[in-house]
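# Remarks on the overall topology
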Amino acid sequence: MTVDQIRTMFLEFFQSKDHRVLPSASLIPHGDPTLLLTVAGMVPFKRYFLGLEKPVHPRLATSQKCIRTGDIDNVGKTDRHGTFFEMLGNFSFGDYFKKEVIPWSWEFVVEHLKLPPERLWVTIYLDDDEAFEIWHKDVGVPAERIIRLGKDDNFWETGSGPCGPCSEIHIDRGPEHGCGDPNCKPGCECDRYFEFWNLVFIQFQQDGDTYTPLEKKSIDTGMGLERVAALLQGKTSIFEVDNLKPVIDGVGNLANVVYGTDPQADVSLRVIADHVRAVTFLIADGVLPSNEGRGYVLRRLLRRAVRHGRLLGIGDAFLNKVVAMVMEQMRGAYPELVERAEYIDKVVALEEERFAETLEQGMRLLQDLVWKAQKAGLKEIAGKDVFQLYDTFGFPLDLTREILAEDDLMIDEAGFREAMEAQRERARKSRTAHGYLDSNLVVYQELAGAVTTEFVGYEQSEVDTKIVGLIVDGHGVDKAEQGNQVAVILEKTPFYAEGGGQVADEGFIETETGRVKISDVRVVVQGLISHLGVVEKGYIAQASPAQAVIGTARRQETARHHTATHLLHRALKDTLGDHVNQAGSYVGPKRLRFDFTHFQAVSADELRQIEDLVNREILKNSPVTPTITDLTSAKEQGAMALFGEKYEDEVRMVRVGEHSLELCGGTHVNSTGEIGLFKVLSEGSVAAGVRRIEAVVGAEALSHIRKQDAILADLQSKLQVAVEELPEQVEKLLESNRKLEKDMASVKQANVLGALDSLVAGAIKVGDASVVVAEVDAEKAEDLRTLGDRIRDRLNPVAILLGAKSEDKVLLLSMVSKSLTEKGLHAGNAVKKAAQICGGGGGGRPDMAQAGGRLPEKLSEALDEGREFFVSQLEGINP
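Residues numbered from 1 in each chain as written. Predicted model: local features only at pLDDT ≥ 70, side-chain atom pairs only at ≥ 80, totals over all residues. Heavy atoms only, no water.

## Focus on unusual backbone geometry
- In this structure, Pro797 follows Asn796 across a cis peptide bond, with omega equal to 0°.
- Within the fold, Pro797 resides in the loop between helix H23 (781-794) and strand S31 (798-806).
- Although it is not a glycine, Asn256 adopts a positive phi angle of roughly 55°.
- Although it is not a glycine, Ala543 sits at a positive phi angle of roughly 75°.
- Mapping Ala543 onto the fold places it in the loop between strand S20 (528-541) and strand S21 (545-550). (Helix = DSSP H or I, 4+ residues; strand = E, 2+ residues; numbered from the N terminus.)

Okay, structure coming up:
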């Protein structure tokens, strides 16, 4: 059976058991700040298991794409480790339990996968007698082939929340794969018993060491698709299954290497095939390379693949060829890969090109670090140096670690983390205290299901409502006093909660006894809107009638910017091409920010065209019409959806005239004329392949234009010319400034050369050679080179070492006459010795070398070292 056949068979089997089959969710786990990436089949359903959201169906089945990088160092070196894999799973949320899932799993394995029952073994948790009875009496598995194991093997828990025992199905691969122990059975560390399906019985709520039985029990199962395919196809490795082996063979063709003939080359072939699969799917789901978060995961995978390509002798860019191989194998199950092929190719090509530019330079620095460490007898490279490789040259930490291991060197991990932490400090300080809310989920979990909040903010700006929940310091309370920071849950609300890039409404909630000033609003769990603020007067109490009022001016200005964002998105696609997709946004009352996928700077002409398109639509005063529809219908009508976003079956669609149609839950104007003027403030790069436009509309746009007018008026006044004459006048001033700078440079150079006679007169003679070592007054390396050339013209043969202090840096230059280099004297060695003392580095040719340093106070000592070096070397040449 092929991988595609196994996947289809699994999903159809559970569909016949009244499961709804869902497509794989994104690799970006939406709404879950605890995870960077989707690492298991149950991740998209965590909120269902926690009771925070109602499932779309009580029984679900999926083939979920997953990425795990915890064992990345083992990828390619073992038969079973990979970063990208698919997880087959069936799930029950308070519906069926062990009595159903155990017989179903046996039925699928024996009757559909056709695995021989006499070779199948089962493990269960130590005291799970219920599972034993079902496996033994209902299914008929002999008792001796049901093995009881402890918590480490057969109990799933995370420390708090839903948990329970699990049962795993194993197949006996035969004694030739075993350890030789006649009592060998599942649980042994050898490779004889191969586990391929894990059934988790979620039946307890864990709170530390306390396990409370759940009223509604659930099921979560996981079967690695590649693992079971290897089993059914008679392969010992996941890399040899039918949708991965062709990719490995294709990479082998690029490298002129045959898989299976060289163990070291095999590792690289496996790494490239696995990593490029992961890269392809990550980019398809909207992840872009960066030095943070999931973007860093993508970058390190891509760059590891490039390096393994170099190890195979592939010198040119090659990753897109491998991407095409991956798409060919995966397009049947994931047609979106083909739809996004051009975009994926551009991101991969750009990142590979950028890495190629820095790889050689970074490798030289790394080799220099290795040489210095070996020379000094060290076994560790300083963390700050490794961080420079990471931050400046884009070397993922594990790539540096891997390269250093080849020379038996290690990384100062603590020093690296310290440097990384320093870089992140500013970002950490900028986070708001309530930015993640995940630690408070327990109290919201208690409210979920018992109460819900009806959002009426599309139609109303104030509403009479009722307080149905109060949270202070993460705990539910009956009353919040003046000065308390509080989260208020209302029966219904006009407050828009932050989402879709749009900021939350602000306003107040008032009762007979008090008033809360609301500064932020969040949808913490499905159906619950949390209003965050401070009790500024009196107190508020649970179950009290209340009035909720939003700031209408802020709402209206935000709506203007939000509708303008939709017009901008459409204009970008019309001007730059359909590859443009939203990669992030901010919509507030004072400005909008729109991040989008594009691979070069937007030209001034293109920006003008985009601005004109938006303003043209505004002038039409086109109606803005929101409608509620189902997701399928919205897509059929051509509605734009956010890249990789998760949508419910019922969606809100916003149409702006005939110009724009997007899925959006935000607030908008009634017609485009309400937006007023649209004005772009800036355009620039924020990441590889991602550009950003910032713009303002309405009153903010008018304010911006008035500021620009004021600047022009000020310049006009100072330069005493008409506005239209300003460009010409500024050009005259610049030309005059350039002439003055040129004259100053000539004066400075003359001052440098003025020292020539005294330097020549002060030369030390060693045999027939002269040595000139001195500190001079120079601001640029070019000045040192000019002075060195003049000395070399006057003295021959000569060895020169010049140093200068420029601001807080050191400049060093060494020159050696040709006749002396032929005898072994090397300018690079002299300058390197001096630079090391000054806290820097550098080098160059035997006849000319330059370097820099960061310790000007050490220059005198460095020049003395250089002088001694030249004298001792020349005395050896001319005894």
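## A look at the nonpolar core
- Core analysis: the biggest nonpolar cluster contains 124 residues, and Ile102, Leu120, Trp135, Phe196, Trp197 and Leu312 have the highest contact counts within it.
- Beyond its immediate stretch of four places on either side in the chain, Trp197 contacts Phe10, Phe14, Asn90, Ser105, Phe108, Val109, Ser167, Glu168, Ile169, Thr221, Gly222 and Met223.
- Among the nonpolar cores identified, the runner-up in size contains 28 residues, and Cys664, Val669, Val680 and Ala695 belong to it. (Core = buried A, V, L, I, M, F, W, Y, C linked by side-chain atoms within 4.5 Å. Buried < 20%, exposed > 50% of the residue type's maximum accessible area, 1.4 Å probe, protein only. Contact = heavy atoms within 4.5 Å.)

## Topic: the sheet that holds strand S22 (residues 582-587)
- Here we have 4 strands laid out as an open sheet, ordered S22-S23-S28-S27, and antiparallel in their pairing. The sheet terminates laterally at S22 and strand S27 (678-687), the two strands that pair on one side only. Averaged over neighbouring strand pairs, the angle between their axes works out to 15° when direction is ignored.
- Across 6 bridges, strand S23 (residues 592-597) lies against strand S28 (residues 690-697) in antiparallel orientation. Bridge assignment links Arg593 to a residue of S28, and that residue is Glu694.
- Across the sheet, helix H18 (residues 604-619) is in contact with S27 and S28; its angle to S27 comes to roughly 135°. (Pairing = 2+ DSSP bridges. Axes fitted to C-alpha atoms, helices over the stretch in contact; angles between N-to-C directions.)

## Some words on the confidence of the model for the protein
- Summarising the model, the protein shows a mean pLDDT of 90, and 96% of its residues fall at 70 or more.
- Contacts for the low-pLDDT stretch residues 426-439, under 50 throughout, to residues beyond four places or in other chains number 12 contacts. (pLDDT = per-residue confidence, 0-100.)

## A few points about the pattern of salt bridges
- Enumeration over the complete set of coordinates arrives at 55 salt bridges.
- One salt bridge connects Glu351 with Arg299, and the closest N-O pair in it is separated by 2.7 Å. A residue pair is termed long-range when its members are at least 10 positions apart, and Glu351 in helix H12 (residues 341-376) and Arg299 in helix H9 (residues 293-311) qualify at 52 residues.
- For Glu351, a relative accessible area of 0% gives the class buried.
- Its salt-bridge partner being Glu328, residue Arg331 comes within 3.5 Å of it at the nearest N-O pair. (Salt bridge = Lys/Arg side-chain N within 4 Å of Asp/Glu carboxyl O.)

## Things to note about the packing of aromatic side chains
- This structure, assessed with the given rule, holds 30 aromatic pairs.
- When the centroid spacing of 6.1 Å and the interplanar angle of 70° are considered together, the rings of Phe97 and Phe201 count as edge-to-face. Here Phe97 is found in the loop between strand S3 (84-93) and helix H3 (98-112), whereas its partner Phe201 is found in strand S8 (residues 193-207), with 104 residues between them in sequence. The burial state of Phe97 is the same as that of Phe201; both residues are buried.
- Seen from their ring centres, Phe869 and Phe870 are 5.9 Å apart, and the 50° between their planes marks the pair as tilted. Each of the two residues, Phe869 as well as Phe870, counts as buried.
- Pairwise contacts between aromatic rings join Phe10, Phe13, Phe14, Tyr96, Trp104, Phe108 and Trp197 into one cluster.
- The ring centre of Tyr458 lies 3.7 Å from the NZ or CZ of Arg652, which sits over that ring. (Phe/Tyr/Trp six-rings, centres within 6.5 Å; stacked < 30°, edge-to-face > 60°. Lys NZ or Arg CZ within 6 Å of the ring centre and 35° of its normal.)

## Concerning the sheet that holds strand S24 (residues 624-630)
- On the basis of which strands lie adjacent, the open sheet formed by 3 strands has the order S24-S25-S26 and antiparallel pairing. Of all the strands in the sheet, just S24 and strand S26 (660-663) have a single pairing partner and so form its edges. Each strand of the sheet is rotated relative to its neighbour by a mean of 25°, with strand direction disregarded.
- Relative to strand S25 (residues 650-656), S24 is paired through 7 bridges, and the arrangement is antiparallel. Each bridged residue has a counterpart across the sheet, and for Thr627 the counterpart in S25 is Met653.
- Across the sheet, helix H17 (residues 552-576) is in contact with S24, S25 and S26; its angle to S26 comes to roughly 115°.

## Description of the side chain of Thr400
- Among the secondary structure elements, Thr400 is positioned in helix H14 (residues 397-405).
- Setting aside chain neighbours within four positions, we find Thr400 in contact with Leu366, Val386, Leu389, Phe395 and Ile411.

## Some points on the pairing of strand S34 (residues 848-853)
- Of the pairings in the sheet, the one linking strand S32 (residues 809-816) to S34 comprises 6 bridges and is antiparallel in character. The partner of Leu812 across the bridge, within S34, is Ala851.
- Where strand S33 (residues 841-844) meets S34, 4 bridges bridge the pair, whose relative direction is antiparallel. Bridged to Gly843 within S34 is Gln850.
- In this antiparallel pair of consecutive strands, S33 and S34, the connection spans 3 residues.

## Describing the state of the cysteines
- Tallied over the full model, the rule gives 0 disulfides.
- Cys188 supplies the cysteine sulfur nearest to Cys179, a cysteine that is in no disulfide, at a spacing of 3.7 Å.
- On the accessibility criterion, Cys179 (44% relative accessible area) is partly exposed. (Disulfide = S-S within 2.5 Å.)

## Comments concerning the environment of Gly180
- By secondary structure assignment, the location of Gly180 is in the loop between strand S7 (160-172) and S8.
- A sequence separation of 12 residues divides Gly180 from Arg192, and the C-alpha atoms of the two residues are 9.8 Å apart.

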